[in-house]
Amino acid sequence: MPAQTTKPPAPNALADLECVLRQQIAVYRELGTLLTEHRVALEAMDLQPILAVNKKQSDLRNRLGKLEQHRKAIFAKLGATTLSELAARNGAAGLTVLKLRRELQRISAELGHQSKLTRKVASGMLGHLNTAVRVLTEAAGETGMYDKDGSPTRRRRMSLYMAA
């Protein structure tokens, strides 16, 4: 059985990997912008911008999935198991790839923070909406008087015995 030899990766494969990482960074930045737009639309309770942003986010997530598949295919061609190993084998070009990975990690952490803020805003809005629906449902079931907060007050029926 002949010994396996490790061929150096094709330079264009490494350039392709760098290109894919740059595209992923661009998509993550765009997602960050959309997260801000989404939070603003939620705070304004404006449905149309919320739906538009959701569509754009979905499209970008699909694009990220395709880029990730492409990145994995290129990585497999390069024959490395980690980016650190790849960087060690490829000198300056490998260091560029590591720099891009650090940038992706930084942006990903920022997006996680932004996403957490948006989730908190959405949760608060949902709580207010649930309260409004509860009050409206109670009001629809009862006719009568309402207190200054808009909550229905129950009419006290005078008993026949008390009226006498």
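The structure displayed is predicted, hence computed values, not measured ones.

Asks: Explain the overall build of the protein chain to me, please; I cannot follow it from the model alone.
Replies: Scanning the protein chain from N- to C-terminus turns up four helices and zero strands. The order of helices and strands in the protein chain, counted from the N terminus, is α-α-α-α. Across the 164 residues in the protein chain, those meeting the buried criterion constitute 26%. Intrachain contacts of the protein chain at a sequence separation of at least 6 include 62% that bridge at least 24 residues. When the accessible area of the protein chain is evaluated, it comes to approximately 12000 Å², of which 58% is carbon and sulfur surface.

Asks: Before we go on, may I ask you to explain the packing of aromatic side chains in this structure?
Replies: Between two aromatic rings, the relevant description is the distance of the centres plus the angle of the planes. Counted by the stated rule, this structure contains zero aromatic pairs. Looking at Arg-71, its charged tip hangs above the ring of Phe-75, at a distance of 6.0 Å from the centre.

Asks: Honestly, the nonpolar core in this entry has me stumped. Any pointers?
Replies: Here is a general trend for soluble globular proteins: nonpolar side chains tend to be buried in one another's company. Formed by 27 residues in total, the largest nonpolar core has its most connected members in Leu-17, Leu-21, Phe-75, Leu-78, Leu-83, Leu-86 and Val-97. The set of elements that each furnish at least two residues to this core consists of helix H1 (11-44), helix H2 (47-78) and helix H3 (83-141). Not counting chain neighbours up to four residues away, the residues in contact with Leu-17 comprise Arg-71, Ile-74, Phe-75, Leu-78, Leu-83, Leu-86 and Val-97. Counting residues in hydrophobic clusters, the runner-up holds five residues, among them Ala-41, Leu-42, Ile-50 and Met-125.

Asks: Help me out: how do you make sense of the side chain of Gln-24 in this one?
Replies: Within the secondary structure, Gln-24 sits in helix H1. Aside from chain neighbours lying at most four places away, what touches Gln-24 is Leu-64, Leu-67, Glu-68, Arg-71 and Leu-104.

Asks: I'm lost on H2 in this one. Help?
Replies: Side chains three or four residues apart in an α-helix point the same way, a direct result of the helix having 3.6 residues per turn. Its 32 residues give H2 an end-to-end C-alpha distance of 46 Å, which sits within 8% of 46 Å, the value for a rise of 1.5 Å per residue. Restricting attention to buried positions, one finds in H2 the residues Ile-50, Val-53, Gln-57, Leu-60, Leu-64, Leu-67, Arg-71, Ile-74, Phe-75 and Leu-78. Phi turns positive, to about 75°, at Gly-79, one or two residues after H2.

Conventions adopted
- Counting starts from 1 at the beginning of each chain's written sequence and moves along it residue by residue.
- Per-residue local features of the predicted model are confined to residues with pLDDT of at least 70, and side-chain atom pairs are confined, for both listing and counting, to 80 or more; whole-chain, interface and lining totals are unaffected and use all residues.
- Excluded from the side-chain calculation are hydrogens and water; included are all heavy atoms of the structure.
- Going along the chain from the N terminus, every DSSP run of H or I of four or more residues is numbered as a helix, and every run of E of two or more is numbered as a strand.
- The cut-offs for exposure are 20% and 50% of the maximum accessible area for each residue type, with area from a 1.4 Å probe on protein chains only; residues under the lower value are buried, those over the upper are exposed, and the others partly exposed.
- Contact criterion: two residues are considered in contact whenever any of their non-hydrogen atoms come within 4.5 Å of each other.
- A 1.4 Å probe and the Shrake-Rupley method give the accessible areas. Residues count as covered only by the protein chains that appear here.
- Any Phe, Tyr or Trp ring, taking Trp's six-membered ring, that has another such ring centre within 6.5 Å forms a pair; planes under 30 degrees apart are called stacked, those over 60 apart edge-to-face, and the others tilted.
- The rule is short: NZ of Lys or CZ of Arg within 6 Å of the ring centre and within 35 degrees of the ring normal puts a charge over the ring.
- Each nonpolar core is a collection of buried residues, namely Ala, Val, Leu, Ile, Met, Phe, Trp, Tyr and Cys, held together in the definition by side-chain atoms within 4.5 Å.
- Multiply 1.5 Å by the residue count of a helix minus one, and that product is the helix's expected span.

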